[in-house]
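So you can see what is in the structure, the chains are spelled out below.
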There are 2 protein chains.
Amino acid sequence: MIAENMKEEVQKNSTVRQMFEEGRRRAKLYGEDKVFDFSLGNPSVPAPEEINREIIRLVQESDSLKLHGYMSNAGYEDVRKQVADSLNRRFDTHFTENNIIMTTGAAGAINIIFKTLLNPEEEVIIFAPYFMEYRAYVKNHKAVPVIVPPDTETFQPNLEAFEKAITPRTKALLLNSPNNPTGVVYSEETIIKIAGILKQKQEEFGTEIYIVSDEPYRELVYDDVKVPFVTRYYDNTAVCYSFSKSLSLPGERIGYLVIPNEFCDYEQVFAAASIAIRIMGYMNAPSLMQKVIGNCIDLETDIEVYDRNRKILYNGLKELGFECVKPEGAFYLFMKSPMESDFEFAEKAKEHNILIVPGTSFTCPGYLRISYCVSEATIRNSLIEFKKLAQELNLI
Amino acid sequence: MIAENMKEEVQKNSTVRQMFEEGRRRAKLYGEDKVFDFSLGNPSVPAPEEINREIIRLVQESDSLKLHGYMSNAGYEDVRKQVADSLNRRFDTHFTENNIIMTTGAAGAINIIFKTLLNPEEEVIIFAPYFMEYRAYVKNHKAVPVIVPPDTETFQPNLEAFEKAITPRTKALLLNSPNNPTGVVYSEETIIKIAGILKQKQEEFGTEIYIVSDEPYRELVYDDVKVPFVTRYYDNTAVCYSFSKSLSLPGERIGYLVIPNEFCDYEQVFAAASIAIRIMGYMNAPSLMQKVIGNCIDLETDIEVYDRNRKILYNGLKELGFECVKPEGAFYLFMKSPMESDFEFAEKAKEHNILIVPGTSFTCPGYLRISYCVSEATIRNSLIEFKKLAQELNLI
């Protein structure tokens, strides 16, 4: 009796669930430390201690009715100002509290701006490979996801295909850099080209086309790679951010949406987004966590841990003859499948108690995603099993 | 450039916002204690102290990665079991953790079960008067709200009109008792009759029709009134609950959804709802608050405070000649407008710095909602102004 559009979602999800359950089964059978579960993007570095200290301080010192109460749907004004000020310091922007809506993570932010903007049948362009739930987010609003196939040379977006995909019904481009699942950061050159194409198409079609920039991994970058702040390159940009990865708070559902003054019809859009957060059933971002984040806005997670994992895994796999995309950000490594089918390779890896996600799940067959947000020991021990795999496949 | 369906929402919302801003303006002009703002359903009793103690204990004693991390989308299993056990103790039900999904309040729960069940063009019946956002929740899923007009004698649902409103396209009835805005509790007799009508219509049309029971005010009842637990009367019932009102945590967005084993296609529906929570962008209910709620599941708020307010206000207004529906639950009093237009009366009340919401906002013109979750002093002082109003209108 479930809704038609949920049937496909249940089907897809059961694949991932089966992998998860297989992992649990193997952990019981062989022991936790003998199973190498690289399937989830769950931070392995705990939240900075200051977060817990701030929770305790707020609970001890605040008026309970205010700390746990309703505020403006967009969030506490002081917190929104703290977020705006932090962005301004770091990216030379000029935001105020009236450009920020506190949200239940980036997923909440994306759905709010989609609810605000999308009419049924309008198109949202997504670059493959992409986080598997983007498609469902677009469909929540009866809009149409349009997938641009990957450029498997660089895993920068395929801009030629992008240009062709834009139509008069294109309402938005959903962008994700640092990218899940590839770990690639879209370069400044890429962002400038995307902005150029969109400006030209806006003019050609007499439409407005928005960039929705999903940036939960913005702070997780290595080797001094820079992540361009997209509002600086294109006016019609909304930024969706989450503290899930950068401060290791994925369960708390806290993030924000940025709508700059330069966004077309900014005032109306901001007002509508502040209502969309209510009628989508979020009401507001969790109140205590808003205050915590506001007061801890410039905290950073210890990315050295992820960087070390990245280097050990990338170098280890390369030495074993696996072809990998060099990760510049996030905590994902995208590996080319050494067998024709990524599914078959994932199955073969499972025989070695290695759990990795087939690229087909990200609309990029022939590749696999390895989440290296695990312990260093897991990485090191897995390489022994990866070596056996490489030998079986005659890579070394 | 906002979506077509958001335009109406922005328009509606600006009415409420104008009232709020008018209140702020008057508070500045005349002083906070001279303005009687009865417009919001924001608890005035602080959360029990145990809540804050439990937050601190959890933060001090838990593994941060687990406390702030991802869990199953449906929520922590132990918390879901705590919720199920508490319901079983109180309502003689037989739920397990596999009947409970932790949600971002009742609004989240309603949207999740709607996402799970509703196809475009299917109908959801709502009894007027009703919480103004229900209509938007139904439209989120491109389904059609069907409003049953009120029975202004009793403010129990108008069952004759209800029966006529059911069609082969009816997918759900959205029920809310104790009711916002009337404060009425639907009696056991009413629930039995509703169940009977639905069972007969299911058979007649060969369809499944669900009750979605929104119960954020379940614990706020007076004079030993009993709130029937709807799953005991009708199998196809999903319960949506929030701790916003019962534990004064509206900002924290924590509640749950109950899907009983008896629900048609229970397993598929529960699996789909656990995915709907992801793709609606909630992902999961806030993690720390889940744990807090689980460990404080049998705490109760001090309803004596609301009860005292209720009596002072109800008796005071009656003495002044105002016609009021006697509130049995929640913290709302529904008053008949002594002027033909509820809007005009709300304007007239505003001249006395009394802010109340016209019933038209709840699809019940000719009435007004007074939220008595305010200080006792506000109630007592407002009665002086209500008296002046009564005199002006020749009620006394």
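The preceding data block contains the structure.
Treat the numbers as computed from the prediction; the structure is a model and nothing was measured.

**Focus on helix H14 (residues 376-392) of chain B**
Residue and element names in this part refer to chain B. Taking 1.5 Å per residue as the helical rise, H14 with its 17 residues ought to reach 24 Å, and the 25 Å between its terminal C-alpha atoms agrees with that figure. The largest bend in H14 amounts to roughly 25 degrees and is located at Leu383. Buried residues of H14: Thr378, Ile379, Ser382, Leu383, Glu385, Phe386, Leu389 and Ala390, and no others. Residue Asn394 follows H14 closely and has a positive phi angle near 60 degrees.

**Brief notes about the packing of aromatic side chains**
Residue and element names in this part refer to chain A. As enumerated under the stated definition, the model contains 45 aromatic pairs over all chains in all. Between Phe38 and Phe386, the aromatic rings sit 6.3 Å apart at their centres with planes inclined by 35 degrees, giving tilted as the arrangement. Residue Phe38 is found in the loop between strand S1 (36-37) and helix H2 (49-61), and its partner Phe386 is found in helix H13 (residues 376-392); the two are separated by 348 residues along the sequence. For the pair Phe38 and Phe386, one class covers both residues: buried. Feature note: the residues Phe38, Phe322, Phe345 and Phe386 constitute an aromatic cluster, connected by ring pairs. Lys291 extends its terminal NZ or CZ atom over the ring of Tyr76, reaching a point 4.3 Å from the ring centre.

**Let's talk about the relation of the copies chain B and chain A**
Of the two same-sequence chains, chain B is brought onto chain A (RMSD 0.0 Å, axial shift 0.0 Å) by a rotation of 180 degrees. Taken together, the rotation and translation describe the operation of a two-fold axis. Minimal C-alpha separation from the rotation axis in chain B is found for Ile56 of chain B, amounting to 2.8 Å. Comparing contact sets, 100% of the residues at the interface of chain B also lie at the interface in chain A, consistent with an isologous, same-surface contact.

**Focus on the sheet that holds strand S4 (residues 144-148) of chain A**
Residues and elements named next belong to chain A. Strand order in the open sheet made by the 7 strands is S2-S8-S7-S6-S5-S3-S4, with mixed pairing throughout. Of all strands in the sheet, those bounded by a partner on one side alone are strand S2 (100-103) and S4. If you compare each strand with its neighbour and ignore which way they point, the axes differ by 20 degrees on average. Here strand S3 (residues 123-127) runs beside S4; their pairing, made up of 5 bridges, is parallel. Within the sheet, the bridge partner assigned to Glu123 lies in S4 and is Val144. On the sheet, helix H4 (residues 77-91) packs against S2 and strand S8 (255-258) and is oriented at approximately 115 degrees with respect to S2. This element, helix H8 (residues 188-205), spans S3, strand S5 (170-176) and strand S6 (210-214) of the sheet and lies at about 175 degrees to S5.

**Thoughts on unusual backbone geometry**
Phi is mostly negative for residues that are not glycine, and the peptide bonds are mostly trans. Here the amide bond leading from Ala128 of chain A into Pro129 of chain A is cis, since omega sits at -5 degrees, within 30 degrees of zero. Turning to its location among the elements, Pro129 of chain A is positioned in the loop between S3 and helix H6 (134-140). The linkage connecting Asn180 of chain A with the following residue, Pro181 of chain A, adopts the cis geometry, with an omega of 20 degrees. Along the chain, Pro181 of chain A falls in the loop between S5 and H8. One non-glycine residue, Asp92 of chain B, lies in the positive phi region at around 55 degrees. Here Asp92 of chain B lies in the loop between helix H4 (77-91) and strand S2 (100-103). Even without a glycine there, the phi angle at Lys142 of chain B is positive, about 60 degrees. Counting through the fold element by element, Lys142 of chain B comes out in the loop between helix H6 (134-140) and strand S4 (144-148).

**A closer look at the pairing of strand S13 (residues 367-371) of chain B**
Residue and element names in this part refer to chain B. For S13, a buried count of 5 out of 5 residues is recorded, marking the element as mostly surrounded by other parts of the structure. Here strand S10 (residues 332-336) pairs with S13 via 5 bridges, running antiparallel. Bridging from a neighbouring strand, Phe334 pairs with Arg369 of S13.

**With respect to helix H2 (residues 49-61) of chain B**
Taking 1.5 Å per residue as the helical rise, H2 of chain B with its 13 residues ought to reach 18 Å, and the 18 Å between its terminal C-alpha atoms agrees with that figure. Those residues of H2 of chain B that are buried lie in contact with H2, helix H3 (64-67) and helix H10 (287-295) of chain A together with helix H3 (64-67) and helix H11 (287-295) of chain B.

**Some remarks on the state of the cysteines**
Counted under the stated rule, the structure contains 0 disulfides over all chains. The closest cysteine sulfur to the non-disulfide-bonded Cys240 of chain A is located on Cys264 of chain A, 17 Å from its own sulfur. Residue class for Cys240 of chain A comes out buried when judged on its relative accessible area of 0%. Lacking any disulfide linkage, Cys364 of chain B is separated from the closest cysteine sulfur, that of Cys324 of chain B, by 14 Å. According to the relative accessible area criterion, Cys364 of chain B is buried, its value standing at 1%.

**As for the sheet that holds strand S8 (residues 255-258) of chain B**
All names here are of chain B. Pairing within the open sheet is mixed, and its 7 strands lie in the order S2-S8-S7-S6-S5-S3-S4. Looking along the sheet, the strands with just one partner apiece sit at the ends: S2 and S4. Looking at each pair of strands side by side, their axes are set apart by 20 degrees on average, direction ignored. Where strand S3 (residues 123-127) meets strand S5 (residues 170-176), 4 bridges bridge the pair, whose relative direction is parallel. Looking at S5, one finds that Ile126 is bridged to Leu174. Across the sheet, H4 is in contact with S2 and S8; its angle to S2 comes to roughly 115 degrees. Relative to the sheet, helix H10 (residues 266-279) contacts S2 and S8, its axis offset from that of S2 by approximately 10 degrees.

**Concerning the packing of H2 of chain B against H11 of chain B**
Residues and elements named next belong to chain B. It is at 9 Å that the axes of H2 and H11 come closest, and there the two elements cross at 120 degrees. Regarding the angle of H2 to H11, the classification is oblique. Along this stretch, H2 crosses H11, giving a crossing that reads as right-handed. Side by side, H2 and H11 meet where Ile51, Glu54, Ile55, Arg57, Leu58 and Val59 of the first sit next to Leu288, Met289, Lys291, Val292 and Asn295 of the second. Taken together, the residues of the contact of H2 with H11 break down into 7 nonpolar, 1 polar and 3 charged.

**Overview of the pairing of S2 of chain A**
All names here are of chain A. Neither face of S2 is exposed, since Ile100 and Met102 on one face and Ile101 and Thr103 on the opposite face are all buried. Relative to S8, S2 runs antiparallel, the two sharing 4 bridges. The residue of S8 that forms the bridge with Thr103 is Gly255.

Cut-off values and rules
Residues numbered from 1 in each chain as written. Chains lettered and ligands numbered in written order. Predicted model: local features only at pLDDT ≥ 70, side-chain atom pairs only at ≥ 80, totals over all residues. Heavy atoms only, no water. Helix = DSSP H or I, 4+ residues; strand = E, 2+ residues; numbered from the N terminus. Expected span 1.5 Å × (residues − 1). Bend = angle between axes of the 7 residues up to and from the residue. Buried < 20%, exposed > 50% of the residue type's maximum accessible area, 1.4 Å probe, protein only. Phe/Tyr/Trp six-rings, centres within 6.5 Å; stacked < 30°, edge-to-face > 60°. Lys NZ or Arg CZ within 6 Å of the ring centre and 35° of its normal. Least-squares fit on C-alpha atoms with pLDDT ≥ 70 in both. Contact = heavy atoms within 4.5 Å. Pairing = 2+ DSSP bridges. Axes fitted to C-alpha atoms, helices over the stretch in contact; angles between N-to-C directions. Disulfide = S-S within 2.5 Å. Parallel < 35°, antiparallel > 145°, perpendicular 65-115°, else oblique. Left-handed = near helix turned anticlockwise from the far one by under 90°. Nonpolar A, V, L, I, M, F, W, Y, C, P; charged D, E, K, R; others polar.

Note that every value here comes from positions in space, so none of it alone points to a role or purpose.
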